[in-house]
Amino acid sequence: MKKIVIIFILVLIIFSAASLSALIYTHSSTGLCLAAVSGDADGDGEVTDWDAILFERMLAGWNVTVMTANLDLDGDGEITDWDAIMLGRYLAGWPVELTEPGLRTASGVLYETSGGTSLEDGYFKINQDFTVTFKESAVSGSFNRINLSYSSTTPLKVTVNYSGAGSGDSDSFFLDKGTEMSFRGVISGYLVGNTENSVYSLTFSTCTKKNSTFKLIDLDSSLIEVYNSNTYYIENSRFKVGVKLSWGGGINYIEDKHAISNGLTNLINQADTGRLVQQSYYGTAGNSEYTPGDFNGTSWTYNPVQGGDKYGNQSRLIDVEVTDNSIYVKAQPQDWSLDGQITPSYMENTYTLDGDVIRVDNRFTDYSGWEHRYSHQELPAFYTVSYLDTFTWYDGIDSWNDAPLSARSNLNFWGDPAYAESCQFYMKDNNTETWCAWYNRSLDYGIGLYVPNVDMLYAGRFSYNGSKDPYNGATNYVAPLNMIKMVSYKPIEYSYLITAGSVSEIRSVFKANKDFADNASLHTDYISMRVPYTEEKPLDYTDIDFSYSNALEAVTSPYNTEVKYDLNEKALRLTVTNAFDPQVMLEFENAPETVHTDAYTTVSITYMIPENDPANNFVCDLFICAGADTSPKGENRIRFSLISDGEYHTAIVDLSNSSFWNGDLHRIRMDYFDSCSIGNVMYVKSVKLS
């Protein structure tokens, strides 16, 4: 019988291997074959001539049920004629050593799985707690960075479990979705010189709580240089730039080698983790999973900050790479208002020295899965030494033509509500010269920041004392701002330039580099992060969109109310000036075409009431003026409650069963607060008939 098998095997070399995807795979829930025995094609736990026959038929392209995981007999990750020859020789009694069957990484490490459903070609359907356990060391030698390659249809969280002495038992990382993706991450003890020597398992879960189609491709490791965690420097003939790796890689040092002031070495304030030049973003004010803290006496929001939190807890370094003129850092930031609460997000920066400019490329990804609100995002947060006493920027529309600049030497603390409005400088339409600088007026020397595609500059001074000390509590601040909301798993990417010198030199350098970056993430149409906005669009009275200022034409007859367009919120702002029955009228008779009530059954109002408003029991009344009733009447009223939590909500008012909802719609009087105080505010994004 063994002679017959040898003949079968020799015949196999004339056949071409068929695509394995056409085969029928039989796996257990662990991803291994039902009987993990080398050469056992039918899975009965024995290796016989019948297995050789099945192997021959598989390679010939027959549609057979085969345990393919048992047939890679040489362990090279492929099933070929050579594996069949090895099986024939083994059955003939030759001293052939067959490789142990099972799933293998691209580098040949054997592993088994649990918690997922096996699919074809090494893929699994996974959700939570899908574990890959290695049967031998997945890496060799001491290492401080792991390198993972994979494919996944959803973002993932992976926990890497170590064995042996080192910085800890495990590390967790976030992985982006994609095909043949690569991820690098340093171990948590990297900055203090710790190493690991073995990975025994990986546990994956989906960030979106939806099933993912996942494949582990490979895992390896490396031992990289441990860079100075306090400040790591790169420099050229003009600048010396330092990043603080223990503070998430934010810039804590910029020295201009052409500086003309004695003692003015570092232009950046680094008094605490909230200073530096760094990324910072604002999200939800709270939800069922997240409760924020407070800061400066007010409830804060979800606020990933690159340097760390207000308590001094440091953000976590995820990766670092250094070249001759650049440094790349990846960090997992702390939540500013909470004590030691690391956020489910990553910040990436690449700092590059290029002649007279420092270029910074930024990327931020939130993995929380939460619904965030629109917020003014700091792009970036930028803190300088107090010595640079004057703020300057261009406030015109004749961009890059050396038109006169604006300047302020007496700015107050931007965080004080009494001064906040005076610290806001909006960019005019068509102004592309969106740079600014802090400089010392008497010396005419300072540091400049240029971020394309921003809407506003927010600047001020804190405890001004003129100090050159970067550790002094006094500081100057500026943040170019855009109204952007985080969208989980979608990156925010933008770039900016820094330079130094006299104001005219700063402007000249930025002008020469004005087209260096597109900053697509800051465009108004970028994956719904930006508030859709232009000065005007045609006013649709059936869908009044107060994101556009001309929509205020629909609002008439304010009573005990100040009506304004709020550029920050890009919304209608109603402010109570007298607490007695504040109201406004929505005038539908101004519509170019008559609005007929029989075409609609609901009125939807999207609104927001700041959570720090002094009253907390708000009720809104809508008085419908339709058909024969052209003025408000008490019996034609619908009442509903409002939510005052600083988030936007949509109140949907059903009018389908209301007797007064008939005929032509003339107007709707909105008595927006029933019980209120002077100064209460409601923001209205839209009023829509549907």
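Residues numbered from 1 in each chain as written. Predicted model: local features only at pLDDT ≥ 70, side-chain atom pairs only at ≥ 80, totals over all residues. Heavy atoms only, no water.

**Student:** So what exactly am I meant to see when it comes to unusual backbone geometry here?
**Tutor:** Most of the time, phi is negative for any residue but glycine, and the peptide bond is trans. Following Leu379, the chain continues to Pro380 via a peptide bond in cis, the omega torsion being 0°. Here Pro380 lies in strand S24 (residues 375–385). Of note, the phi angle at Glu180 is positive, near 50°, even though the residue is not glycine. Take Glu180: it is sitting in strand S9 (residues 178–186). (Helix = DSSP H or I, 4+ residues; strand = E, 2+ residues; numbered from the N terminus.)

**Student:** I tried to follow the packing of aromatic side chains on my own but got confused; where do I start?
**Tutor:** For any pair of aromatic rings, the description rests on two quantities: the centre-to-centre distance and the angle between the ring planes. Under the definition given, this model contains 38 aromatic pairs. Ring centres of Trp400 and Tyr450 lie 5.5 Å apart, and the angle between their planes is 80°; this geometry places the pair in the edge-to-face category. Placement of Trp400 in the loop between strand S25 (390–393) and strand S26 (406–408) and of Tyr450 in strand S29 (residues 445–450) is noted, with a sequence separation of 50 residues between them. Exposure class is identical for Trp400 and Tyr450. Each is buried. Considering the side-chain rings of Tyr458 and Tyr477, the 6.3 Å spacing of their centres and the 85° angle between planes classify their relative orientation as edge-to-face. Within this pair, whereas Tyr458 is found in strand S30 (residues 456–462), its partner Tyr477 is found in strand S31 (residues 475–484), the two being separated by 19 residues in sequence. Just as Tyr458 is buried, Tyr477 falls in that class too. (Phe/Tyr/Trp six-rings, centres within 6.5 Å; stacked < 30°, edge-to-face > 60°. Buried < 20%, exposed > 50% of the residue type's maximum accessible area, 1.4 Å probe, protein only.)

**Student:** Before we go on, may I ask you to explain the sheet that holds strand S40 (residues 637–641) in this structure?
**Tutor:** Hydrogen bonds between backbone groups are what pair the strands of a sheet, and the pairing can be parallel or antiparallel. Judged by pairing direction, the sheet is antiparallel, and its five strands sit side by side in the order S34-S37-S42-S39-S40 without closing on themselves. Sheet topology places strand S34 (555–559) and S40 at the edges, where each strand pairs with a single neighbour. Strand-to-strand twist in this sheet, taken as the mean axis angle between neighbours without regard to direction, amounts to 20°. Sheet topology note: the strand S37 (residues 583–587)/strand S42 (residues 665–671) ladder contains four bridges and is antiparallel. From the neighbouring strand, Glu587 faces S42, where its bridge partner is Arg667. (Pairing = 2+ DSSP bridges. Axes fitted to C-alpha atoms, helices over the stretch in contact; angles between N-to-C directions.)

**Student:** So what exactly am I meant to see when it comes to the pattern of salt bridges here?
**Tutor:** One side chain can pair with another of opposite charge once the charged atoms of both are near each other. On inspection of all chains with the given rule, the structure shows 29 salt bridges. The partner of Arg363 in a salt bridge is Asp176, with the nearest N and O atoms 3.7 Å apart. Taken together, the positions of Arg363 in strand S23 (residues 357–366) and Asp176 in the loop between strand S8 (170–175) and S9 put the pair 187 residues apart, joining distant regions of the chain. Among the residues examined, Asp176 registers a relative accessible area of 23% and is labelled partly exposed. Beyond isolated ion pairs, a larger network of salt bridges with shared partners links Arg145, Arg184, Asp319 and Glu321. (Salt bridge = Lys/Arg side-chain N within 4 Å of Asp/Glu carboxyl O.)

**Student:** Sorry if this is basic, but what is going on with the sheet that holds strand S22 (residues 345–354) here?
**Tutor:** Read across the open sheet, the nine strands follow the order S19-S20-S22-S23-S32-S29-S28-S25-S26; overall the sheet is antiparallel. At either margin of the open sheet sits one strand with a lone partner, and together these are strand S19 (316–322) and S26. On average, each strand axis in the sheet is inclined to that of its neighbour by 20°, with strand direction left out of account. For S25 and strand S28 (residues 435–440), the ladder comprises four bridges, and the chain directions are antiparallel.

**Student:** Explanation requested: helix H4 (residues 503–512) in the structure shown.
**Tutor:** Side chains three or four residues apart in an α-helix point the same way, a direct result of the helix having 3.6 residues per turn. Among the residues of H4, Val503, Ile506, Arg507, Val509 and Phe510 are the ones counted as buried. The buried residues of H4 all sit within an arc of 165° when viewed along its axis, so they share a single face. Turned more than 90 degrees off the buried face of H4, the exposed positions are Ser504 and Ala512. Contacts from the buried residues of H4 go to S23, S25, S28, S29 and strand S32 (492–501). (Arc of directions from axis to C-beta. Contact = heavy atoms within 4.5 Å.)

**Student:** Help me understand the packing of helix H2 (residues 49–59) against helix H3 (residues 81–91), please; the structure alone is not making it clear to me.
**Tutor:** Two packed helices can be described by the angle between their axes and the distance between those axes. Running from amino to carboxyl end, H2 crosses H3 at an angle of 165°, the nearest separation of the two axes being 10 Å. Here H2 is positioned roughly antiparallel relative to H3, judged by the angle of their axes. Judged by the sense of rotation from one axis to the other, the crossing of H2 with H3 is left-handed. For the pair formed by H2 and H3, the contact residues are Asp49, Asp51, Ala52, Phe55 and Leu59 on the first element and Asp81, Asp83, Ala84, Leu87 and Leu91 on the second. When its residues are assigned to classes, the contact of H2 with H3 shows six nonpolar, no polar and four charged. (Parallel < 35°, antiparallel > 145°, perpendicular 65-115°, else oblique. Left-handed = near helix turned anticlockwise from the far one by under 90°. Nonpolar A, V, L, I, M, F, W, Y, C, P; charged D, E, K, R; others polar.)

**Student:** What is the right way to look at the confidence of the model for the chain in this model?
**Tutor:** Residues shown with low pLDDT carry predicted positions that ought not to be read at fine detail. Mean pLDDT over the chain: 88, with 90% of residues reaching 70 or higher. This model gives residues 1–34 a pLDDT under 50, and the stretch forms 74 contacts once residues within four places in sequence are excluded. (pLDDT = per-residue confidence, 0-100.)

**Student:** Would you take a moment to explain the environment of Thr630 for this structure?
**Tutor:** Relative to the helices and strands, Thr630 resides in the loop between strand S39 (619–626) and S40. You can call Thr630 partly exposed: its relative accessible area is 41%. Taking C-alpha positions, Thr630 is 60 Å from Thr273, a pair spaced 357 residues apart along the chain.

**Student:** Before we go on, may I ask you to explain the nonpolar core in this structure?
**Tutor:** If you look at soluble globular proteins, the nonpolar side chains tend to sit buried side by side. In terms of nonpolar packing, the biggest core is built from 92 residues, with Phe134, Leu148, Leu202, Phe204 and Phe391 touching the most fellow members. Counting residues per element, this core draws most heavily on S32, at five residues. When near neighbours in sequence (up to four residues on either side) are disregarded, Phe134 contacts Thr105, Val109, Leu110, Tyr111, Val199, Tyr200, Ser201, Leu202, Leu216 and Leu219. Judged by nonpolar contacts, the second largest core, of 42 residues, contains Phe618, Ile638, Val653 and Met670. (Core = buried A, V, L, I, M, F, W, Y, C linked by side-chain atoms within 4.5 Å.)

**Student:** How should the pairing of strand S35 (residues 561–566) be read in this particular structure?
**Tutor:** In the sheet, S35 pairs with strand S36 (residues 571–576) via six bridges, with the strands oriented antiparallel. The residue of S36 that forms the bridge with Lys564 is Arg573. Hairpin connection between S35 and S36: a loop of four residues separates the two successive antiparallel strands, and Lys570 in this loop has a positive phi of roughly 50°.

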